[in-house]
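Coordinate analysis (summary)
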Amino acid sequence: MSNLQVSVYRYNPETDSAPYMQEFQVDTKGRDLMVLDVLHLMKEQDSGLAFRRSCREGVCGSDGMNMNGKNGLACITPLSDVVKNNKLTLRPLPGLPVIRDMVVDMGIFYKQYERIQPYLQNETPAPAIERLQSPEERDKLDGLYECILCACCSTSCPSFWWNPDKFVGPAGLLQSYRFLADSRDTATRERLTDLEDPFSVFRCRGIMNCVAVCPKGLNPTRAIGKIREMLLADAT
Amino acid sequence: MSNLRSLTFDAIIIGGGGSGLRAALELAKSGKKTAVLSKVFPTRSHTVSAQGGITCAIASADPQDDWRWHMYDTVKGGDYIADQDAAEYMCSEGPKAVFELEHMGLPFSRFDNGRIYQRPFGGQSKNFGEGGQAARTCAAADRTGHALLHTLYQNNLKNNTTFLNEWYAVDLVKNANGDVVGCIAMCIETGEVVHVKSKATVLATGGAGRIYASTTNALINTGDGIGMALRAGFPMQDMEMWQFHPTGIYGAGTLVTEGCRGEGGYLINKDGERFMERYAPNAKDLAGRDVVARSMVMEILEGRGCGEKGDHVFLKLDHLGEEVLGKRLPGIVELSKTFAHVDPAKDPIPVVPTCHYMMGGIPTNVHGQAILQDEDGNDQIINGLFACGEAACVSVHGANRLGGNSLLDLVVFGRAAGMFIEGALNEGIEYLDASESDIESAMKRITRWNESEGGESIPELKAELQSIMQNSFGVFREEKNMVEGVQKLAELRGRIANAYLPDKSNAFNTARVEALELDNLMEVAEATAIAALERKESRGAHSRYDYPDRDDVNWLKHSLYFPLTKELKQRDVNFKPKTVDTFEPKVRTY
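All residue numbers refer to positions counted from 1 along the written sequence of the respective chain. Throughout, the order in which chains and ligands are written sets their labels, letters from A for the former and numbers from 1 for the latter. For this predicted model, a pLDDT threshold of at least 70 governs which residues receive local features, and a threshold of 80 or more governs which side-chain atom pairs are given and counted, while totals over whole chains, interfaces and linings are taken from all residues. Calculated side-chain values reflect all of the structure's heavy atoms, with hydrogen atoms and water omitted.

1. Focus on the overall build of chain A
Note the following rule: Secondary structure counts use DSSP, requiring at least four H or I residues in a row for a helix and at least two E residues in a row for a strand, with both numbered from the N terminus. Buried means the residue's accessible area, taken with a 1.4 Å probe over protein chains only, is under 20% of the maximum for its type, while exposed means over 50%, and partly exposed covers the values in between. Note on contacts: a residue pair qualifies if any of its non-hydrogen atoms lie within 4.5 Å across the two residues. Residue burial considers only the protein chains on display, and all accessible areas are found by Shrake-Rupley using a 1.4 Å probe. His is not counted here, nor are the chain ends, while Lys and Arg score as positive and Asp and Glu score as negative. Think of each charge as sitting on NZ of Lys, CZ of Arg, CG of Asp or CD of Glu.
When helices and strands are tallied, chain A shows 9 helices and 7 strands. With the C-alpha coordinates aligned to their principal axes, the bounding extent of chain A is approximately 65 × 35 × 30 Å. Considering chain A as a whole, with its 236 residues, one finds that 56% of them fall into the buried category. By sequence separation, contacts in chain A at least 24 residues apart represent 65% of the contacts at least 6 residues apart. When the accessible area of chain A is evaluated, it comes to approximately 10000 Å², of which 52% is carbon and sulfur surface. A distance of 3 Å separates the average location of the 28 positive side-chain charges in chain A from that of its 30 negative side-chain charges.

2. Examining the packing of aromatic side chains
Spelled out, the test is: Pairing of aromatic side chains requires ring centres within 6.5 Å, counting the rings of Phe and Tyr and the six-membered ring of Trp. Pairs whose planes differ by under 30 degrees are stacked, by over 60 edge-to-face, and all others tilted. Only Lys NZ and Arg CZ are tested; either one counts as a charge over a ring when it is within 6 Å of the ring centre and within 35 degrees of the ring normal.
The tally for this structure, following the rule as stated, stands at 14 aromatic pairs over all chains. Relative to F128 of chain B, the ring of Y72 of chain B has its centre 6.1 Å away and its plane inclined at 90 degrees; by these criteria the two rings are edge-to-face. Here F128 of chain B lies in the loop between β4 (118-119) and β5 (137-138) and Y72 of chain B lies in helix α2 (residues 67-77), a separation of 56 residues in the sequence. Of the residues examined, F128 of chain B reaches a relative accessible area of 30% and is grouped as partly exposed. An aromatic cluster is present here, built from F109 and Y110 of chain A together with F41, Y153 and F163 of chain B joined pairwise through their rings. Its end group placed over the ring of F199 of chain A, K166 of chain A keeps NZ or CZ at 4.3 Å from the ring centre.

3. Examining the sheet that holds strand β14 (residues 349-358) of chain B
All names here are of chain B. The criterion, for reference: We treat two strands as partners when DSSP finds at least two bridges between them. To obtain each axis, a line is fitted to C-alpha atoms, and for helices this fit is confined to the stretch in contact; angles are then taken between N-to-C directions over 0 to 180 degrees.
Strand order across the open sheet formed by 4 strands is β11-β14-β13-β12, with antiparallel pairing between neighbours. Both edges of this open sheet fall to β11 (242-249) and β12 (266-268), since each of them pairs with a single strand only. Taking each pair of neighbouring strands and ignoring which way they run, the sheet shows an average axis angle of 50 degrees. Bridging between β11 and β14 involves 6 bridges; their strand directions are antiparallel. Residue G248 lies in a different strand from β14, and its bridge partner there is V352. On top of the sheet, helix α8 (residues 289-301) reaches β11, β12, β13 (313-316) and β14; it is set at about 60 degrees to β11, its chief contact.

4. Points about the side chain of Q121 of chain A
Going by this rule: Any pair of nitrogen or oxygen atoms within 3.5 Å is treated as a polar contact; in protein, a donor-acceptor pairing is required on top of that, and neighbouring residues in sequence qualify only through side-chain atoms on both sides.
With respect to the element layout, Q121 of chain A can be found in the loop between α3 (107-115) and α4 (135-139). Only 2.9 Å separates the side chain of Q121 of chain A from the side chain of Q117 of chain A, close enough to count as a polar contact.

5. Concerning the confidence of the model for chain B
The following threshold applies: By definition, pLDDT measures how confident the predictor is in each residue, and it falls between 0 and 100.
The predicted model of chain B has a mean per-residue pLDDT of 97, with 100% of residues at 70 or higher. The complex model carries a pTM of 0.98, and its ipTM stands at 0.98.

6. Quick notes on the environment of L203 of chain B
All names here are of chain B. Here L203 is to be found in strand β9 (residues 193-203). Given a relative accessible area of 0%, L203 falls into the buried group. Sequence-wise, L203 and A169 are 34 residues apart; in three dimensions their C-alpha atoms are separated by 9.8 Å. Those residues within four positions of L203 in sequence are excluded, and the remaining contacts are I14, L172, G225, M228, A229, I362, L385, F386, A387, C388 and A391.

7. A look at the nonpolar core
This is how the line gets drawn: Side-chain atoms within 4.5 Å are what join buried Ala, Val, Leu, Ile, Met, Phe, Trp, Tyr and Cys residues into a set we call a nonpolar core.
Ranked by size, the top nonpolar core spans 171 residues in total, and within it L90 of chain A together with I54 and I349 of chain B carry the most contacts. Aside from chain neighbours lying at most four places away, what touches I349 of chain B is I249, V256, V313, F314, L315, L317, I332, S336, A340, V342 and P344 of chain B. By size, the runner-up hydrophobic cluster in this structure holds 90 residues, among which are V170, V196, L385 and M469 of chain B.

8. Describing the sheet that holds strand β21 (residues 557-562) of chain B
Pairing in this open sheet of 3 strands is antiparallel, and the strands run β10-β21-β22 (chain B) from one edge to the other. Two strands in the sheet have a free side with no partner beyond their single neighbour: β10 (236-237) and β22 (567-572) of chain B.

9. Some thoughts on unusual backbone geometry
All names here are of chain B. Residue V394 is joined to S395 through a cis peptide bond whose omega torsion reads 0 degrees. Within the element layout of this structure, S395 appears in the loop between β18 (392-393) and α11 (405-427). A positive phi angle is found at K566, which is not glycine, with a value near 55 degrees. Mapped onto the fold, K566 is located in the loop between β21 and β22. Judged by its relative accessible area of 34%, K566 is partly exposed.

10. Quick look at the pairing of strand β3 (residues 64-67) of chain A
All names here are of chain A. Of the two faces of β3, the one lined by G64 and N66 and the one lined by M65 and M67 are each fully buried. Note: β3 against strand β4 (residues 70-73), 4 bridges, orientation antiparallel. Note on β4: the bridge partner recorded for N66 is N71. Connecting β3 to the next strand, β4, in antiparallel fashion are 2 residues, including N68 with a positive phi near 45 degrees.

11. A few points about the state of the cysteines
All names here are of chain B. Short version of the rule: The rule for a disulfide is simple: a pair of cysteine sulfur atoms within 2.5 Å.
Per the stated rule, a full pass over the model turns up 0 disulfides over all chains. As a non-bridged cysteine, C91 has C56 as the owner of its nearest cysteine sulfur, 8.0 Å distant. Looking at C91, the relative accessible area reads 0%, which means it is buried. Lacking any disulfide linkage, C306 is separated from the closest cysteine sulfur, that of C260, by 16 Å.

12. Examining the interface of chain A and chain B
We apply this condition: Buried surface area refers to the total accessible area, computed with a probe of radius 1.4 Å, that the two partners give up upon joining, counted for both partners together. Every case where a carboxyl oxygen of Asp or Glu lies within 4 Å of a side-chain nitrogen of Lys or Arg is listed as a salt bridge. Each residue is assigned to one class: nonpolar for Ala, Val, Leu, Ile, Met, Phe, Trp, Tyr, Cys and Pro, charged for Asp, Glu, Lys and Arg, and polar for all the others, Gly among them.
On the side of chain B, 61 residues touch chain A, which itself brings 60 residues to the contact. Of all residues in chain A, the largest losses of buried area upon contact with chain B belong to R56, E57 and E130 of chain A, amounting jointly to 14% of the total for that side. The tally of links from chain A across to chain B stands at 8 salt bridges. Across the pair R53 of chain A and E514 of chain B runs a salt bridge, and its minimum N-O distance is 3.5 Å. Here chain A is connected to chain B by 35 residue pairs in polar contact (both at pLDDT 80 or more). Elements supplying a minimum of two residues to the side of chain A that touches chain B: α1 (35-45), β6 (98-100), α3, α4 and α6 (169-180) of chain A. Considering every element that reaches the side of chain A that touches chain B, the biggest residue donor is α1 of chain A, with 4 residues. Classifying every residue of the side of chain A that touches chain B gives 32 nonpolar, 10 polar and 18 charged.

Quick look at the structure:
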């Protein structure tokens, strides 16, 4: 019988002076479980193991983590996708402060999201029914609105690691473009003005880690490119 | 004096899903001191998993559509124990609430004329059941819940709502008069326990599908608000009514939207037969969910199930073509590939009825005010306590909810509760402060867990509870099995009361949260079991072999479960809508 060897990041601020990696042996009974299932089996061995989870189907964005070196959602990542030589290493999302074990403090990530004013702005009086939008206009939001705020992208981005307070990061910028691209939003100018500094958008170096890890298959780099184009057009 | 820190608000909303955020938005706009307290970051709430849409007569797909037709479908769908004044309120106020969501930015799919896209869903009709299938479910592809929840969260940010994210509400605090004057809550990150004082406490804690072993529900759906209300001694309504969604992915339990069938998909048995044509000749695959789920189980029991064990059926979508699937059901394609290893453009998805939705809950009026019944059988408002969304039983869903009506319920009644509380606060609310012993009694169970020194393990007890519910209170029920189930639960209650929390640490202790959740699962399970055993008829989702027929003489009633005596009483259903004629009970066929 070959148990899966799992090495997991542990840190409890009350008892540990420093983080360490703990080894677990998990009997998967030969099944191609999701990584989240494996975490639950580990928690049965040690109830103190802390991680976030909610929907267990890839839409709530709770269980973003680093699995064998790559960010993703534990609940929709089958072992067959990540396990090498029967080994799995689990670490919290990189670059954010760790609260406990796999749980990170997402404060700065959320702050960058809030910063781009992630809500529709339209000061014209609303009609008695819905605002009309053609299917073609609506199509422009596809690939943008589906973001689940799991932070897999921003925490895989070296530019965000370096300047998390000044660079909005791929997740925030994807949402910024979601509103810039919305035919119903009238705050385009204000949104662009707010992003005009050298950091907010232009720290993106096109490394594209965000695209490589997005569990929803979204493309923040493309959205950032579109914002750059708008900013440059705006400047000329 | 208690050494607990206290936080004071005009209103505290427990739960950050659709109904909680909609209520919060109303109160944030009013400038009242309001906070949303949620055990997860709000966009991780279960509303995010809703797929197919929000049903509402906005007259987009059909300019002649009428909210009265929607109301008729809702009342019929609920097998006539939906309160007609509440269904009337939801269906008539619905368009306003949906247009508000669109104005807030919700990215609905669109028709060519620019209006909101609507698709057919189960149990929908035109002209009071006489005009054929309606298309009334407003959709953002198959991610409507995600789009709705994010839009509401975004608009709460815009309106500076205060959030206590990753806080867990432990129990309600009642004063000497029995008024609810706040709650005990724990900050999950630090483990700090505080006393939240509030003039209005809103339970928007969602469902409790995790009482079953197989459910479409998120892991967080543990009925926390229901547990809190039951421990406070308040009654619960129609708890026997649990919806089993026809299309949970076999094995994984994840939901496949009814919108698949709305877009033209259908169920087949092992012979490739479209069997719903036999059970519901008119609506076929778009009959009520209870009807479809039962038909599936009948097929399986009669040996026409699919797979090696013959224990599921197939949902066929390949004939819709990749374009429709990619445009209208992209999330389903994703989920099927991930959890069923099936590409629905090529092969059918294995599905089985799976616990999905709690029609019952905390009885409320249309303003979200929680209700109890006095000794003479009269409704009485519980001061300070409100509920909305799945945790509440208004009741608009009766014995069976129609697809797309849950999202509408969330926004209509979240909004209504917010508006009512604002008005009440303006008029002035003064309740007696909680005494030291009132607070202590709300601290009892967290203290119990913290002082536990040995006993059985939490995950094992939870698994046992889920298996009892799955085996004795599923799609079909009967006396003997349920009696056994009730006995097993009674025994389990004793064991849970002595179970062990090994980890007593403070920082982000998820084991403690799971211990507290287990208490709530226990409360919900027992209420469900006793109500199911006592309702001696079949109606909507409650289907008994030993009482196969609907019994309008004895059971055209809500059930009301009283936790202190574990008795089941009855409460009248409202048959007095304000602006339309009463929909009289008829035989329910599709």
